[in-house]
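The lines below spell out each chain.
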Amino acid sequence: MGLTSEMKLAVPWGHIAAKLWGSQQGPPVLCLHGWLDNANSFDRLIPLLPKDFHYVAMDFGGHGLSSHYSPGLPYYQQNFVIEVQRVVAALKWNRFSIMGHSFGGIVGGMYSCTFPETVDKLILLDTLPCALDYKESENLLTYKRRMIEHMLQIEASQKPQRVLSPEEMLQGFLKNNSHVGEECARLLLQRGTTQVATGLVLSRDRRISLPEHNIDFVSRDLLVHFIRKLQAHVLLIKATQGFYNVRRENDADKEALNLVKDILKSVLKEWFQYTEVPGNHYVHMNQPQRVAGIIGSFLKSSTPNQL
């Protein structure tokens with residue numbers, strides 16, 4: 001299934017860019033990428049998925065080919081949820097599915113709980129529908145403070161963007177994202193860099209700081225309340241060597257995952273499907289064939305809402 005087109009949707013601060021695959025007459029699937037990634041995150045997966053769906057992968061604001069936010073505005077989880085609603089309204093979708101990787105899954109999860117009547121299926125790729133504040137209570141105010149400090153520091157800094165050769169850019173990217181792999185790194189950089197006279201610069205907004213500084217963590221009680229609002233069937237695909245927590249130092253701590261998984265199962269019952277696949281956090285890019293069949297079957301399965 002070849003890419004059908006690129007699209008730009010007007011928003012008050014510029015535009016949101018997106019990539020489209022498949023027939024626009026097919027059931028729509030909105031694809032949401034991870035933190036600091038872009039719509040190319042789905043380039044290797046979508047061609048392996050059922051052809052009769054319409055896939056739209058958007059670049060979040062400040063990422064990929066989308067405009068940066070206006071000066072003075074922070075990048076905060078709720079803003080990305082609003083972006084999803086802007087895209088959905090522009091495309092005039094009444095009911096659709098969401099597939100989100102990493103941070104995109106958290107945004108997709110929050111959107112699905114906020115606008116439950118619009119989402120029939122939610123696919124979570126190595127992520128959870130909300131970030132649980134489990135073991136994070138002590139850090140929450142620190143995160144909020146660091147986000148503010150980082151943003152103000154970037155605004156005050158007049159330092160120009162670092163210009164690198166394509167090879168330097170690739171090596172630097174791989175050093176910080178060793179789990180991505182060279183081929184997938186090139187894909188993400190293709191949409192995540194801008195050509196200037198002497199080389200490449202990263203095109204993402206420098207105001208975007210660490211994900212935990214910008215995420216809305218929720219308590220266990222709030223999570224249960226949110227999940228009860230869902231009207232979507234949920235598929236959670238966990239990579240065995242993926243991330244188990246928002247903060248990388250907690251990678252091996254599966255308690256938060258198990259807690260959220262138990263809540264999803266007890267609230268959604270047969271509407272929740274969980275599966276594990278071998279691979280790391282970017283398995284949907286590195287080994288898309290490991291997840292494509294599972295996602296395809298889930299998309300094609302009928303739900304009570306569709307009968």
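Residue numbering note: each chain is counted from 1, following its sequence as written. Predicted model: local features are reported for residues with pLDDT of at least 70 only, side-chain atom pairs are reported and counted for 80 or more only, and whole-chain, interface and lining totals are derived from all residues. Processing note: side-chain calculations cover all non-hydrogen atoms of the structure and skip hydrogens and water entirely.

Student: It is not clear to me how the environment of leucine 65 should be interpreted in this structure. Could you clarify?
Tutor: Structurally, the position occupied by leucine 65 is in the loop between strand 4 (54-58) and helix 1 (77-91). For the pair leucine 65 and lysine 8, spaced 57 residues apart in the sequence, the C-alpha separation amounts to 9.0 Å. The contact criterion used throughout is that any non-hydrogen atoms of two residues lie within 4.5 Å. Sequence-distant contacts of leucine 65, defined by excluding residues within four places in its chain, comprise Glu6, His15, Ala17, Asp59 and Arg191. Numbering of helices and strands runs from the N terminus; a helix is a DSSP stretch of H or I covering at least four residues, while a strand is a stretch of E covering at least two.

Student: I would appreciate a short explanation of the environment of valine 234 in the present structure.
Tutor: Secondary-structure assignment places valine 234 in strand 11 (residues 233-241). A residue is classified by how much of its surface remains accessible, and valine 234, at 0% relative accessible area, is buried. C-alpha of valine 234 to C-alpha of lysine 121: the two residues are 113 residues apart in sequence and 5.9 Å apart in space. Residue contacts for valine 234: discarding those within four places in its chain leaves Leu122, Leu124, Leu268, Trp271, Phe272, Gln273 and Phe298. To sort residues, take the accessible area from a 1.4 Å probe on protein chains only and compare it with the maximum for the residue type: under 20% means buried, over 50% means exposed, and anything in between is partly exposed.

Student: Looking at this structure, I do not really get empty space enclosed by the protein. What am I missing?
Tutor: A probe matching the size of a water molecule, rolled over the atoms, marks out where space remains unfilled. Space inside and on the surface of the protein is sampled on a 1 Å grid over the protein atoms alone, with a cavity defined as a set of points where a 1.4 Å probe fits but cannot get out and a pocket as an open set with protein on both sides within 12 Å along at least 5 of 7 lines; lining residues have an atom within 4 Å of a point. Grid points are joined across faces, edges and corners, and a volume is the space filled by probe spheres set on the points. On inspection of all chains with the given rule, the structure shows two cavities of 30 Å³ or more. Taken as a whole, the largest cavity holds about 100 Å³ of empty space. Taken together, Leu36, Asp37, Asn38, His63, Gly64, Phe173, Leu188, Leu189, Gly192, Leu202, Ser203 and Arg204 make up the full set of residues lining the largest cavity. At three residues, the largest contribution of residues to the lining of the largest cavity is made by helix 5 (residues 182-192). Its residues assigned to classes, the lining of the largest cavity shows five nonpolar, five polar and two charged. Roughly 40 Å³ of internal volume is contained in the second largest cavity. Lining the second largest cavity we find His101, Leu125, Asp126, Ile237, Ala239, His281, Val283, His284 and Val291. As a working rule, the residues Ala, Val, Leu, Ile, Met, Phe, Trp, Tyr, Cys and Pro are called nonpolar, Asp, Glu, Lys and Arg charged, and the rest polar, with Gly in that last group.

Student: Mind showing me how you'd approach the UniProt feature "domain: AB hydrolase-1" (unreviewed entry) in the chain here?
Tutor: Cross-referencing UniProt, the feature "domain: AB hydrolase-1" (unreviewed entry) maps to residues 27-169 in the present numbering. Here residues 27-169 is 34% helix and 17% strand, with 38 Å between the C-alpha atoms at its ends. UniProt positions are given in the numbering used here, feature names are shortened, and annotations may be inferred rather than shown by experiment.

Student: For this particular structure, what's the right way to read the pairing of strand 6 (residues 119-125)?
Tutor: Note on strand geometry: in a regular strand, side chains alternate between the two faces of the sheet. Counting buried positions along strand 6 gives seven out of seven residues, so the element sits mostly inside the fold. Pairs of strands are assigned from DSSP output, requiring at least two bridges between the strands. Sheet topology places strand 5 (residues 96-101) next to strand 6; six bridges connect them, and they run parallel. Note on strand 6: the bridge partner recorded for methionine 99 is isoleucine 123. Throughout, right-handed denotes a crossover for which the path from the first strand over the helix to the second runs clockwise when the strands point away from the viewer. One crossover worth recording links strand 5 to the parallel strand 6 by way of helix 2 (residues 103-114), and it is right-handed.

Student: Hey, could you run me through the packing of aromatic side chains in this one?
Tutor: Within a pair of aromatic rings, the relevant descriptors are the distance that separates the centres and the angle that separates the planes. By convention, a stacked pair of Phe, Tyr or Trp rings (six-membered ring in the case of Trp) has centres within 6.5 Å and planes under 30 degrees apart, an edge-to-face pair has planes over 60 apart, and any other such pair is tilted. Using the criterion set out here, one finds 14 aromatic pairs in the structure. Between phenylalanine 53 and tyrosine 55 the ring centres are 6.3 Å apart and the planes differ by 40°, which places this aromatic pair in the tilted class. Measuring from centroid to centroid gives 5.4 Å for tryptophan 93 and phenylalanine 96, while their planes differ by 45°, and the two rings are tilted. Just as tryptophan 93 is buried, phenylalanine 96 falls in that class too. Every member of this aromatic cluster is reached through a ring pair, and the members are Trp13, Trp35, Phe60, Tyr69, Tyr75, Phe80 and Phe103. Consider the ring centre and the ring normal. A charge sits over the ring if Lys NZ or Arg CZ is within 6 Å of that centre and within 35 degrees of that normal. Over the face of the ring belonging to phenylalanine 298 we find lysine 121, whose NZ or CZ atom lies 5.7 Å from the ring centre. The cationic tip of lysine 261 hangs over the ring face of tyrosine 274; the distance from NZ or CZ to the ring centre is 4.1 Å.

Student: Got a minute to help me understand the pattern of salt bridges in this structure?
Tutor: A side chain of one charge can pair with a side chain of the opposite charge when the charged atoms of the two come close. Counted as salt bridges are all cases of a side-chain nitrogen of Lys or Arg within 4 Å of a carboxyl oxygen of Asp or Glu. Scanning the model with the defined rule gives 10 salt bridges in all. A salt bridge links glutamate 183 to arginine 44; the nearest nitrogen and oxygen atoms lie 3.7 Å apart. Residue glutamate 183 is found in helix 5, and its partner arginine 44 is found in the loop between strand 3 (28-32) and strand 4; the two are separated by 139 residues along the sequence. Relative accessible area serves as the criterion here: at 53%, glutamate 183 is assigned to the exposed category. By relative accessible area, which is 25% here, arginine 44 ends up partly exposed. With its nearest N and O atoms 2.7 Å apart, the salt bridge here joins arginine 145 to glutamate 149. With arginine 145 and glutamate 149 both in helix 3 (residues 140-156) and four residues apart, this pair spans about one turn of that helix. Counted as one network, the salt bridges with shared partners bring together Glu6, Asp59 and Arg191.

Student: Looking at this model, I keep getting lost on the packing of helix 4 (residues 166-176) against helix 5. Mind explaining?
Tutor: Describing two packed helices takes the angle between their axes plus the distance from one axis to the other. Where helix 4 contacts helix 5, the two axes come as close as 10 Å, and the packing angle between them is 115°. Remark: the crossing between helix 4 and helix 5 carries right-handed chirality. Every residue of helix 5 that contacts helix 4 at Glu167, Met169, Leu170, Phe173 and Leu174 is listed here: Glu182, Ala185, Arg186, Leu188 and Leu189. Taken together, the residues that form the contact of helix 4 with helix 5 break down as seven nonpolar, no polar and three charged. For helices, the fitted line uses only the C-alpha atoms of the stretch in contact; every axis is such a line through C-alpha atoms, and the angle between N-to-C directions lies from 0 to 180 degrees. Each crossing gets its hand from how the near helix is turned against the far one by less than a right angle, where anticlockwise is left-handed and clockwise is right-handed.

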